[in-house]
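Structural overview for review
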Amino acid sequence: MSIARGGPFPEPGDARPASRTPSGLFPAGPPTRPTYREPHPVTGGGVASGGGAAAAWLLLFGLLGTDVVSYAWWTAVAGLLAWLTALVLVHHGDRGVATGVAIVTAGGWSIAAAVVAVRWATSGDWPLW
């Protein structure tokens, strides 16, 4: 009885089996497409430094306010300037710092909105106009 040739196991006299396409788990060579790298990757340190700078910026502008109305307007202006800076950083600088600035600015605006809402709820008069 003989076993047909061409089965899954090569016989001792057969030529080397044809190579298979690699699965990608163990690359056989350089990638077939180019690999692009970020010029300024987002890092935790960049996000933290942007957040710290924005917090200090909003604090300094918030301290200029003497009452709820001026605090809210100073915070709105400072947040607008911070977001414009973040837009410039996104296009020409570090996107991680821009992310930190945007996140903290949104938080600062939320705090100012809460202060205005509490004043409005307690006095019954819209405080910003």
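Residues numbered from 1 in each chain as written. Predicted model: local features only at pLDDT ≥ 70, side-chain atom pairs only at ≥ 80, totals over all residues. Heavy atoms only, no water.

**A closer look at a nonpolar patch on the surface**
Here is the rule: Without a salt bridge and with relative accessible area above 30%, a residue can belong to a patch; like charges are then joined within 9 Å and nonpolar side chains (Val, Leu, Ile, Met, Phe, Trp, Tyr) within 5 Å. Using a 1.4 Å probe, accessible areas were evaluated by the Shrake-Rupley method; residue-level cover was limited to the displayed protein chains. Every case where a carboxyl oxygen of Asp or Glu lies within 4 Å of a side-chain nitrogen of Lys or Arg is listed as a salt bridge. Helix and strand assignments follow DSSP, with helices taken as H or I runs no shorter than four residues and strands as E runs no shorter than two, numbered in order from the N terminus.
On the surface, Trp57, Val77, Leu80, Leu81, Leu84 and Leu87 cluster together into a nonpolar patch covering about 530 Å² of accessible area. Looking at which element gives the most residues to the nonpolar patch, the answer is helix H2 (residues 68-92), with 5 residues. With respect to the helices and strands, the residue Leu81 is situated in helix H2.

**Structural notes on the side chain of Ser70**
Basically, it comes down to this: For every residue, the accessible area (1.4 Å probe, protein chains only) is compared with the maximum for its type, and the residue is labelled buried under 20%, exposed over 50%, or partly exposed between those bounds. Distance and chemistry together define a polar contact, namely a pair of N or O atoms within 3.5 Å, with one atom able to donate a hydrogen and the other to accept it when in protein, and with adjacent residues in sequence counting only for side-chain atoms on both sides.
Relative to the helices and strands, Ser70 is located in helix H2. Owing to a relative accessible area of 19%, Ser70 belongs among the buried residues under this scheme. In this structure the side chain of Ser70 is engaged in a polar contact, spanning 2.7 Å, whose partner is the side chain of Asp67.

**Overview of H2**
Heads up, the condition is: The span you would expect from a helix comes to 1.5 Å times its residue count less one. Pairs of residues are marked as contacts when any of their non-hydrogen atoms sit within 4.5 Å.
When the terminal C-alpha atoms of H2 are compared, their 36 Å separation across 25 residues agrees well with the 36 Å that a helix rising 1.5 Å per residue should span. Among all positions of H2, only Val68, Ser70, Ala72, Thr75, Ala78, Gly79, Ala82 and Ala86 are buried. Next to the buried residues of H2 lie helix H1 (44-62) and helix H3 (95-123).

**Comments concerning the packing of H2 against H3**
Put simply, the rule is: To obtain an axis, a line is fitted to C-alpha atoms, over the contacting stretch when the element is a helix, and the angle between two such axes runs from 0 to 180 degrees between their N-to-C directions. Here is the rule for angles: anything less than 35 degrees is roughly parallel, anything more than 145 is roughly antiparallel, 65 through 115 is roughly perpendicular, and the remaining ranges are oblique. The sense of a crossing depends on the near helix, which, turned anticlockwise from the far helix by less than a right angle, makes the crossing left-handed and, turned clockwise, makes it right-handed.
Running from N to C, H2 and H3 cross one another at 165 degrees; their axes reach a closest spacing of 9 Å. By the criterion of interaxial angle, the relationship of H2 to H3 is roughly antiparallel. For H2 against H3, the interelement crossing comes out left-handed.

**Side note on the packing of aromatic side chains**
Just so we agree on the cut-off: Only Phe, Tyr and Trp rings are paired, with Trp represented by its six-membered ring, and only when their centres lie within 6.5 Å; those with planes under 30 degrees apart are stacked, over 60 edge-to-face, the remainder tilted.
A complete count under the given rule lists 6 aromatic pairs for this structure. Ring geometry for Trp83 against Trp109: centres 4.9 Å apart, planes inclined by 55 degrees, an arrangement best described as tilted. With Trp83 in helix H2 and Trp109 in helix H3, this pair connects stretches of sequence that are 26 residues apart. Relative accessible area serves as the criterion here: at 28%, Trp109 is assigned to the partly exposed category. Clustering of aromatic rings is evident, with ring pairs tying together Trp73, Trp120, Trp126 and Trp129.

Purely spatial values, then, with no claim about function.
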